[in-house]
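Summary of structural features
Here is what each chain is made of, one letter per residue.
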Amino acid sequence: MESTEKLEDFYIRKYGATPKINPEIGHFNVFQLEPVDPDKAKPLPYRRRDFYKVMLVIGNIDVHYADKVFSVKKQAIVFSNPQIPYKCEPIENIKSGSYCVFNQTFIQHFGDLKKYAVFQPNGNHVFELIDEQVDKIQHIYNSMLEEINSEYIHKYDVLKNKVFDLLHFAMKIDDSAKFTKQTISASNRIYNLFLELLERQFPIEENHLKIKLRTASDFANQLNIHVNHLNKAVKLESQKTTTQIIAERILQESKILLKQSNWNVSEISEALNFTETTHFNNFFKKQLNVSPLQYRKF
């Protein structure tokens, strides 16, 4: 898998130049998608980006997210974030659409994106749309384009609101979204802190080579609570054990590294903090009934 694409790299790749990015207020921009000439189409690499992207795409494409592929038959809104590698192909099938990009600094103190399923590793990231929904979403993008070109002094606050308009639009059409108001309990807080610690260890790449927290006890110590308290909270909130959730996330990352990196099995095993490569092989085979090398060849 290629190294993480930075926001500056994105602009150079797309436009040959980088705009001034203020490190204090962050960055936001919005663009229209144009049809791609098949003769000039260049495949985009499967990689992580260090920025967020929300895209309305019209066309028949496949969206590769982590270890999954989502086939868009006609049109969809797609959410991507710095934690998950992705790519879209074939890009020559894109007919039209719009997208916005922004970094964490732009959105900080305005809202917590991590709590929304569309930006979580196991959440839904691609939402197929009917024509009426496309019209409503395109209207939001059109207002973004109008706003960003305005002279209004608070226009970036307006644009932040419009990002959340897109987010909530998708959440409302997601069948798995829960609209009933829920009281945040102590177990829910513990569970969310556990998930945040777990996700903070990823992605694994050249600048972040090894995870440190591997067991329920590791996470409990980090959270300064008894491991039984953690296990009870996780079970109550997810109906899964702490060990199951850790194993699922490690398996997901191992599948990504096996398919998209050039690391050998031993290097992947070490990055995932297995004491021996044989332990990693046994773990992987127990989960998928195939060895890591067999999975890589599929």
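The rules behind the values
- For every chain, the first residue of the written sequence is number 1, and numbering continues from 1 onward in sequence order.
- For this predicted model, a pLDDT threshold of at least 70 governs which residues receive local features, and a threshold of 80 or more governs which side-chain atom pairs are given and counted, while totals over whole chains, interfaces and linings are taken from all residues.
- In computing side-chain properties, one takes all heavy atoms of the structure into account and sets aside hydrogens as well as water.
- Every definition here rests on a 1 Å grid over the protein atoms only: cavities are sets of points where a 1.4 Å probe fits but cannot get out, pockets are open sets enclosed by protein on both sides within 12 Å along at least five of seven lines, and lining residues have some atom within 4 Å of a point.
- Grid points are joined across faces, edges and corners, and a volume is the space filled by probe spheres set on the points.
- Numbering goes from the N terminus for both helices and strands, where a helix is a DSSP run of H or I of at least four residues and a strand is a run of E of at least two.
- Amino acids outside the nonpolar list (Ala, Val, Leu, Ile, Met, Phe, Trp, Tyr, Cys, Pro) and the charged list (Asp, Glu, Lys, Arg) are all regarded as polar, and Gly is one of them.
- We treat two strands as partners when DSSP finds at least two bridges between them.
- Lines are fitted to the C-alpha atoms to define the axes, a helix being fitted only along its stretch in contact, and any angle between axes, read from their N-to-C directions, falls within 0 to 180 degrees.
- Between the first and last residue of a helix there are one fewer steps than residues, each counted as 1.5 Å, and that sum is the expected span.
- The cut-offs for exposure are 20% and 50% of the maximum accessible area for each residue type, with area from a 1.4 Å probe on protein chains only; residues under the lower value are buried, those over the upper are exposed, and the others partly exposed.
- Stacked, edge-to-face and tilted labels apply to pairs of Phe, Tyr and Trp rings (six-membered ring for Trp) whose centres lie within 6.5 Å, assigned for plane angles under 30 degrees, over 60, and everything in between, in that order.
- Note on terminology: angles under 35 degrees are roughly parallel, angles over 145 are roughly antiparallel, angles of 65 to 115 are roughly perpendicular, and the others are oblique.
- Should the near helix be turned anticlockwise from the far one by less than a right angle, the crossing is left-handed, and should it be turned clockwise, the crossing is right-handed.
- Any two residues having at least one pair of non-hydrogen atoms within 4.5 Å are treated as being in contact.

A closer look at the layout of surface pockets
- Estimates place the volume of the second largest pocket at around 690 Å³.
- Those elements that place two or more of their residues in the lining of the second largest pocket are helix 1 (7-15), strand 1 (28-33), strand 2 (52-59), strand 6 (86-89) and strand 7 (94-102).
- Of the residues forming the lining of the second largest pocket, the biggest block, four residues, is contributed by helix 1.
- Across the lining of the second largest pocket, the residue classes break down as 15 nonpolar, one polar and nine charged.

Considerations on the sheet that holds strand 4 (residues 68-72)
- Strand order in the open sheet made by the three strands is 4-3-6, with antiparallel pairing throughout. In this open sheet, the two strands that pair with only one neighbour each are strand 4 and strand 6. Strand-to-strand twist of the sheet, defined as the mean angle between neighbouring strand axes without regard to direction, takes the value 20°.
- Relative to strand 4, strand 3 (residues 61-65) runs antiparallel, the two sharing five bridges. Paired with Asp-62 across the strands is Ser-71, a residue of strand 4.

Side note on helix 8 (residues 242-260)
- In this model helix 8 runs 27 Å from its N-terminal to its C-terminal C-alpha over 19 residues, within 8% of the 27 Å that 1.5 Å per residue would give.
- With respect to burial, helix 8 is a largely interior element, 14 of its 19 residues being buried.

Side note on unusual backbone geometry
- Across the junction of Glu-89 and Pro-90, the peptide omega takes the value -10°, indicating a cis bond.
- Along the chain, the position of Pro-90 falls in the loop between strand 6 and strand 7.
- Here His-109, not a glycine, exhibits a phi torsion of approximately 70°, which is positive.
- Along the chain, His-109 falls in the loop between helix 2 (104-107) and strand 8 (126-128).
- What makes His-109 exposed here is its relative accessible area of 81%.
- The backbone of Asn-289 shows a phi angle near 65°, a positive value even though the residue is not glycine.
- Note on placement: Asn-289 falls in the loop between helix 10 (277-288) and helix 11 (292-297).

Let's talk about the packing of aromatic side chains
- In this structure the tally under the stated criterion is 25 aromatic pairs.
- Judged by centre distance (5.4 Å) and plane angle (15°), the ring pair of Tyr-15 and Phe-31 falls under stacked. One end of the pair, Tyr-15, is in helix 1; the other, Phe-31, is in strand 1, and 16 residues separate them in sequence.
- Relative to Phe-164, the ring of Phe-110 lies with its centre 5.9 Å away and its plane at 45°, an arrangement referred to as tilted. With Phe-110 in the loop between helix 2 and strand 8 and Phe-164 in helix 4 (residues 155-173), this residue pair connects regions lying 54 residues apart in the sequence.
- Classification of Phe-110 by relative accessible area gives partly exposed; the value is 32%.
- The class for Phe-164 is buried, based on a relative accessible area of 9%.
- Ring-pair connections join several aromatic residues into one group, and the members of that group are Phe-28, Tyr-52, Phe-79, Phe-102, Phe-106, Phe-119, Phe-127 and Tyr-156.

Considerations on empty space enclosed by the protein
- Going through the model one piece at a time under the given rule, you end up with two cavities of 30 Å³ or more.
- Of the pockets and cavities examined, the second largest cavity occupies roughly 30 Å³.
- Residue lining of the second largest cavity: Lys-53, Met-55, Tyr-65, Val-78, Ser-80, Tyr-86 and Cys-88, and that is the complete set.
- When contributions to the lining of the second largest cavity are tallied by element, the ones reaching two or more residues are strand 2, strand 5 (75-80) and strand 6.
- For the lining of the second largest cavity, the class distribution of residues is five nonpolar, one polar and one charged.

Quick notes on the packing of helix 5 (residues 186-200) against helix 8
- Orientation of helix 5 relative to helix 8, taken along the N-to-C sense of each, is 30°, at an axis distance of 11 Å. It follows that helix 5 is roughly parallel to helix 8 by the angle criterion. Once helix 5 is placed against helix 8, the crossing between them reads as right-handed. Listed contacts from helix 8 to Tyr-191, Phe-194, Leu-195, Leu-198 and Glu-199 of helix 5 are Thr-242, Ile-245, Ile-246 and Arg-249.
- When its residues are assigned to classes, the contact of helix 5 with helix 8 shows six nonpolar, one polar and two charged.

Side note on the sheet that holds strand 8
- The strand order across the open sheet built from five strands is 1-7-2-5-8, with neighbouring strands paired in antiparallel fashion. In this open sheet, the two strands that pair with only one neighbour each are strand 1 and strand 8. Ignoring which end each strand starts from, the neighbouring axes of this sheet average 10° apart.
- Two strands pair when backbone bridges link them, and strand 1 and strand 7 are joined in this way by six bridges, in the antiparallel orientation. Looking across to strand 7, one finds that Leu-33 is bridged to Gly-97.

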